[in-house]
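So you can see what is in the structure, the chains are spelled out below.
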Amino acid sequence: MEERKKMSVRDAYEYALIECNKLKAPAILLEDFVYLFNKAIQQYVNGVYNRCEYNQQSSDDLGWLHTTVTKECTVEPKFGINGKFYSLSLPSDYLHILGCKTMMSLPKSLNHCGDNVGSTFVSQCTRLTADLDSGITNNYYMKPSHKKPYYYITNRNDLQSIEIHIGDSNYELDEYQISYIRMPNNVELTPEQVCSVVDTSEELEFPNYVCYEIINLYTRLLLENAGDPRLQTHIPVNQSIATPGN
């Protein structure tokens, strides 16, 4: 079976002109298209991620952005109200967290099993929210440990990091694995690419059905920005199951 061609940036631009009824008289500045289209991509990704649960449809829609990385812990632990925690860097292309796992081990001085038998522990981290944080301090069964670690995403001075809390455990963090949604690639389109006989623009990185959803979002942004009355009819006409937030 012949593989279906992926939509290019110029394809998206031309389809957006069709949606706006401006194909033969394009009054859309190229700079405006690039800005609003990238904004539409961001809105689409955030809309899908913010669904009540990360279900199969969400996984299909954002599968091309789903990334997993494993990193060694190279920092010393810090100590806070809930005990020991590690403050670790996030990947440069990080956007939204999906999950976190840790691999911890006992220091050799505390390992009484010999040959590291039973000294390594792999755990799935629980997300630490503000509400949960206030309840785990004095709750023995919910306190952080190497068996029940927590993760917390911080944002200080525009630098995001992840904190992994393990309480009063004697274990030390060796590795951490993060599953996350990465930042989508920035879309660019030049006047030369628009006018070229051969389409030399880059292919969009997501499935075609997602591209159409993003074009719908872009069209709404453009019509709203221009105060176009067609915005009132565009939204109900272009509703679909895959539209984020529905």
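Higher on the page you've got the structure.
Chains are numbered independently. Their residues run from 1 in the order of the written sequence. The predicted nature of this model means local features are confined to residues of pLDDT at least 70 and side-chain atom pairs, given and counted, to a pLDDT of 80 or more, with totals for whole chains, interfaces and linings taken over all residues. Computation of side-chain values covers all heavy atoms of the structure but excludes hydrogens and water.

(A) View of the overall build of the protein. The numbering of helices and of strands both runs from the N terminus, where a helix is a DSSP run of H or I of at least 4 residues and a strand a run of E of at least 2. Across its full length, the protein holds seven helices and nine strands. Of the contacts formed within the protein by residues at least 6 apart in sequence, a portion of 68% connects residues at least 24 apart. In this description, contact between two residues means that some pair of their heavy atoms is separated by no more than 4.5 Å.

(B) Spotlight on the side chain of Ser 123. Among the structural elements, Ser 123 can be located in strand 5 (residues 120–124). Identification of polar contacts relies on pairs of N or O atoms within 3.5 Å, with a donor-acceptor requirement for protein atoms, meaning one able to donate a hydrogen and the other able to accept it, and with residues adjacent in sequence counted only if both atoms are side-chain atoms. Here His 146 takes part through its backbone oxygen, which lies 2.7 Å from a polar atom of the side chain of Ser 123. Apart from residues no more than four positions distant in its own chain, Ser 123 is found in contact with Cys 100, Lys 101, Thr 102, His 146, Lys 147 and Pro 149.

(C) Broad picture of the packing of aromatic side chains. Here is the rule: rings of Phe, Tyr and Trp (six-membered ring for Trp) pair when centre to centre is within 6.5 Å. Planes less than 30 degrees apart are stacked, more than 60 are edge-to-face, and the remainder are tilted. Applying the stated criterion to the full structure yields seven aromatic pairs. Between the aromatic rings of Trp 64 and Phe 206, the centroid separation amounts to 5.2 Å while the plane-to-plane angle is 65°, which identifies the pairing as edge-to-face. Here Trp 64 is found in the loop between helix 3 (56–62) and strand 1 (66–72), whereas its partner Phe 206 is found in the loop between helix 5 (191–195) and helix 6 (208–226), with 142 residues between them in sequence. An aromatic cluster of three or more residues is present, and its members are Tyr 13, Phe 33, Phe 37 and Tyr 218.

(D) Main features of the pattern of salt bridges. The rule for a salt bridge is simple: a side-chain nitrogen of Lys or Arg has to be within 4 Å of a carboxyl oxygen of Asp or Glu. In the structure shown here, the tally under the stated rule is four salt bridges. Between Glu 14 and Arg 10 there is a salt bridge, with its nearest N and O atoms 3.8 Å apart. One end of the pair is Glu 14 and the other is Arg 10, both in helix 1 (residues 9–19) and four residues apart, which spans about a single turn. Asp 168 serves as the salt-bridge partner of Lys 143, at 3.8 Å between the closest nitrogen and oxygen. With a gap of 25 residues between them, Lys 143 in the loop between helix 4 (130–136) and strand 7 (150–156) and Asp 168 in the loop between strand 8 (159–167) and strand 9 (172–182) connect regions that are remote in the sequence. Classification of residues uses two cut-offs on accessible area relative to the type maximum, computed with a 1.4 Å probe and protein chains only: under 20% is buried, over 50% is exposed, and between them is partly exposed. By relative accessible area, which is 60% here, Asp 168 ends up exposed. Counted as one network, the salt bridges with shared partners bring together Arg 10, Glu 14 and Asp 199.

The values are spatial; any link to function lies outside them.
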